[in-house]
Amino acid sequence: MKSIAFRQSGFCLTRTDAERRASRPRQSSRPGGNTGLATPGGDHRNAGFRRAVTDLACRALQATLPPALQSWGWAIRREAASIPDDTRALLFTLDSLCGLMPRAVASRLRQPFVSLTGEGAPFSKGSTIMHIVNAITRRPRALGIICAIGAVVLGLAYMAIAGASLRYLEINVGALVIGLTMIPLLGRIAAAGERWAGCAIIAVAGALLATALLGSRVEGPARWVSLGGLAIQPSLILLPVMLVAFCRTRNVPATAGIVVAAAAMALQPDRAMGGMLALCLAALVVIRRDRHVVVALAASIAGFATTLVRADTLPAAPYVDQILYSSFDVHAGAGLAVSGGLALLLAPAIVGWSRDGDNRATYAAFGAVWFAAIVAAALGNYPTPIVGYGGSAIIGYALSLLALPKMAGGSVAVGSRTSCATDEPPSDRNLRIALA
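Residues numbered from 1 in each chain as written. Predicted model: local features only at pLDDT ≥ 70, side-chain atom pairs only at ≥ 80, totals over all residues. Heavy atoms only, no water.

> Can you help me understand the sheet that holds strand 1 (residues 216–217) in this one?
Strand pairing in a sheet relies on backbone hydrogen bonds, with the paired strands running either antiparallel or parallel. Judged by pairing direction, the sheet is antiparallel, and its three strands sit side by side in the order 1-2-3 without closing on themselves. Because the sheet does not close on itself, it has two edges, and the strands there are strand 1 and strand 3 (230–232). Of the pairings in the sheet, the one linking strand 1 to strand 2 (residues 222–227) comprises two bridges and is antiparallel in character. Bridge pairing links Ser216 to Trp224 in strand 2. (Pairing = 2+ DSSP bridges. Helix = DSSP H or I, 4+ residues; strand = E, 2+ residues; numbered from the N terminus.)

> When you look at the pairing of strand 2 in this model, what are you seeing that I'm missing?
Two faces, one strand: in a regular strand the side chains alternate between the faces of the sheet. Hairpin remark: strand 1 followed by strand 2, antiparallel, with four residues in the connecting loop; positive phi at Glu219, about 55 degrees. When strand 2 meets strand 3, the two strands line up antiparallel, connected through three bridges. Its bridge partner lying in strand 3, Ser226 is registered against Ala231. What sits between strand 2 and strand 3 in their antiparallel hairpin is a turn of two residues, with Gly228 showing a positive phi close to 60 degrees.

> Whenever I open this one, the packing of helix 11 (residues 234–248) against helix 13 (residues 271–287) confuses me. Can you help?
Helices that pack against each other are described as a pair by the angle of their axes relative to one another and the distance between those axes. Packing of helix 11 against helix 13 brings their axes to within 11 Å, and their N-to-C directions diverge by 15 degrees. The pairing of helix 11 with helix 13 is recorded here as roughly parallel in orientation. Between helix 11 and helix 13 the crossing geometry is right-handed. Together, Ser235, Leu236, Leu239, Pro240, Leu243, Phe246 and Cys247 of helix 11 and Met273, Met276, Leu277, Cys280, Leu281 and Leu284 of helix 13 make up the contact between the two elements. Looking at the contact of helix 11 with helix 13, its residues break down into 12 nonpolar, one polar and no charged. (Axes fitted to C-alpha atoms, helices over the stretch in contact; angles between N-to-C directions. Parallel < 35°, antiparallel > 145°, perpendicular 65-115°, else oblique. Left-handed = near helix turned anticlockwise from the far one by under 90°. Contact = heavy atoms within 4.5 Å. Nonpolar A, V, L, I, M, F, W, Y, C, P; charged D, E, K, R; others polar.)

> Got a minute to help me understand the layout of surface pockets in this structure?
Which parts of space are left empty comes out when a probe the size of a water molecule is rolled across the atoms. A volume near 820 Å³ is recorded for the largest pocket. As for the largest pocket, its lining consists of 33 residues, and the residues nearest its centre are Trp224, Ala231, Ile232, Gly390 and Ser392. Classifying every residue of the lining of the largest pocket gives 24 nonpolar, seven polar and two charged. (1 Å grid on protein atoms, 1.4 Å probe; cavity = no way out; pocket = protein on both sides within 12 Å on 5 of 7 lines; lining within 4 Å. Points joined across faces, edges and corners; volume = space filled by probe spheres on them.)

> Please explain the side chain of Thr54 as it appears in this structure.
By the secondary structure assignment, Thr54 is in helix 3 (residues 42–64). The contacts of Thr54, once residues within four sequence positions are left out, are Ala80, Asp86, Ala89, Leu90 and Thr93.

> What am I meant to see in the packing of helix 11 against helix 12 (residues 252–267) here?
Relative orientation of the contacting elements helix 11 and helix 12 amounts to 150 degrees, with a least axis distance of 11 Å. One finds that helix 11 runs roughly antiparallel with respect to helix 12. Helix 11 and helix 12 meet at a crossing whose hand is left-handed. Contacts between helix 11 and helix 12 involve Ser235, Leu239, Met242, Leu243 and Phe246 from the former and Ala254, Thr255, Gly257, Ile258, Ala261 and Met265 from the latter. Among the residues making up the contact of helix 11 with helix 12, the classes are represented as eight nonpolar, three polar and no charged.

> I keep staring at empty space enclosed by the protein and nothing clicks. Help me out?
All told, the structure shown has three cavities of 30 Å³ or more when counted by the stated rule. Here the second largest cavity is characterised by a volume of approximately 50 Å³. Gln233, Leu236, Asp270, Ala272, Met273, Ala373, Ala376, Ala377, Tyr382 and Pro383 together form the lining of the second largest cavity. When contributions to the lining of the second largest cavity are tallied by element, the ones reaching two or more residues are helix 13 and helix 17 (360–379).

> What should I look at first to understand helix 11 in this one?
Each full turn of the α-helix corresponds to 3.6 residues, which orients residues three or four apart in the same direction. Across its 15 residues, helix 11 extends 22 Å between first and last C-alpha, which sits within 8% of the 21 Å expected from 1.5 Å per residue. Extensive coverage of helix 11 is indicated by the burial of 15 of its 15 residues. (Expected span 1.5 Å × (residues − 1). Buried < 20%, exposed > 50% of the residue type's maximum accessible area, 1.4 Å probe, protein only.)

> Can you help me understand unusual backbone geometry in this one?
A negative phi angle characterises most non-glycine residues, just as the trans form characterises most peptide bonds. Put simply, Gln268 and Pro269 share a cis peptide bond, and its omega is -25 degrees. Relative to the helices and strands, Pro269 is located in the loop between helix 12 and helix 13. Non-glycine residue Ile386 carries a positive phi angle of around 70 degrees. If you trace the backbone, Ile386 turns up in the loop between helix 17 and helix 18 (392–400).

Below you can see the structure in the form of structure tokens.
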């Protein structure tokens with residue numbers, strides 16, 4: 001490869017194509033070699049075909065190589081052109097292609113992450129994987145989207161192993177598409193003011209109360225709304241985003257909305273959502289206590305206590321309830337898929353808590369919401385979020401991601417809006433739009 005290295009340095013001392021053709025021997029040294037002139041029958045056609053393949057392989061390599069490696073592509077092309085024997089030229093080109101193509105493909109795959117890692121060259125010092133991991137963990141919302149996709153995929157794997165109907169898998173995939181589509185769409189909508197956010201929380205609470213009074217009942221509890229032949233659980237969609245919104249906007253209307261939501265959970269009754277409400281507000285009291293949070297916590301504890309007193313005899317539904325245990329009875333791989341998917345749900349809260357001290361209240365609320373849902377699914381006949389059959393939790397998880405900042409440490413600290421005159425960050429505005 002001395003000639004390749006010499007040409008890579010910028011000095012090209014090769015002859016022109018016409019000179020090479022003129023200097024090629026007119027007689028083949030062996031059958032199948034390049035004669036340079038028409039020879040009997042198929043030898044000439046085979047030689048032309050090999051030379052065409054050689055030229056095509058060189059062009060493909062040049063098209064694949066990044067700019068930093070283009071000099072290697074030109075060197076290989078010129079070296080192949082200087083070899084008189086077509087077979088040897090083809091073998092040389094294919095050998096070079098096998099040597100450089102993996103590096104070229106790796107360079108192309110790394111380029112989308114160059115803007116994330118801040119690297120200016122495709123081959124930089126340090127671990128590329130670590131650069132990608134650090135770039136993602138600096139973006140809590142992007143990490144949440146990745147975790148949502150991963151959890152849904154693991155849930156699909158569990159249901160496929162367990163023999164669930166194809167319709168179940170399609171519904172979960174459709175819910176994921178809806179949830180992920182809503183994130184950028186809601187992010188582009190114009191923001192509303194703080195007073196509107198409090199009213200939106202009241203409106204959400206009113207929807208939960210209407211579900212308790214007018215929703216579809218199944219053996220007693222009224223937690224569902226029939227929509228197009230599908231049973232939707234509004235509390236799994238609305239309550240998570242409502243709680244993380246209250247974390248950022250704590251005022252009298254928002255507090256009133258939480259009190260109404262606690263009453264709705266008691267009327268349905270829904271111990272899982274009542275426990276989610278109480279646990280999230282308890283976490284907020286520990287981190288950022290104020291009178292609004294204390295009042296909301298008292299109402300949520302009363303509502304949760306009421307759900308414990310009222311009977312809840314709803315049986316477990318296949319692929320929905322108690323799958324944290326039943327999945328291991330199906331197959332060890334199915335059980336690991338369910339456990340891994342549930343662990344992914346908490347990853348954005350854990351990573352954000354450790355890397356973004358300014359927004360720890362938001363991460364605590366987010367983590368408490370989904371930890372409560374997981375615990376409820378483990379202890380009773382309640383939906384296993386994301387990994388089990390049902391699109392309500394998938395959409396609810398996607399909406400709650402709007403509470404997470406796009407960049408760790410990139411938004412203002414979370415505090416009571418009644419005593420803080422700080423400008424509203426974009427993530428707050430998007431969150432309030434989601435409440436609509």
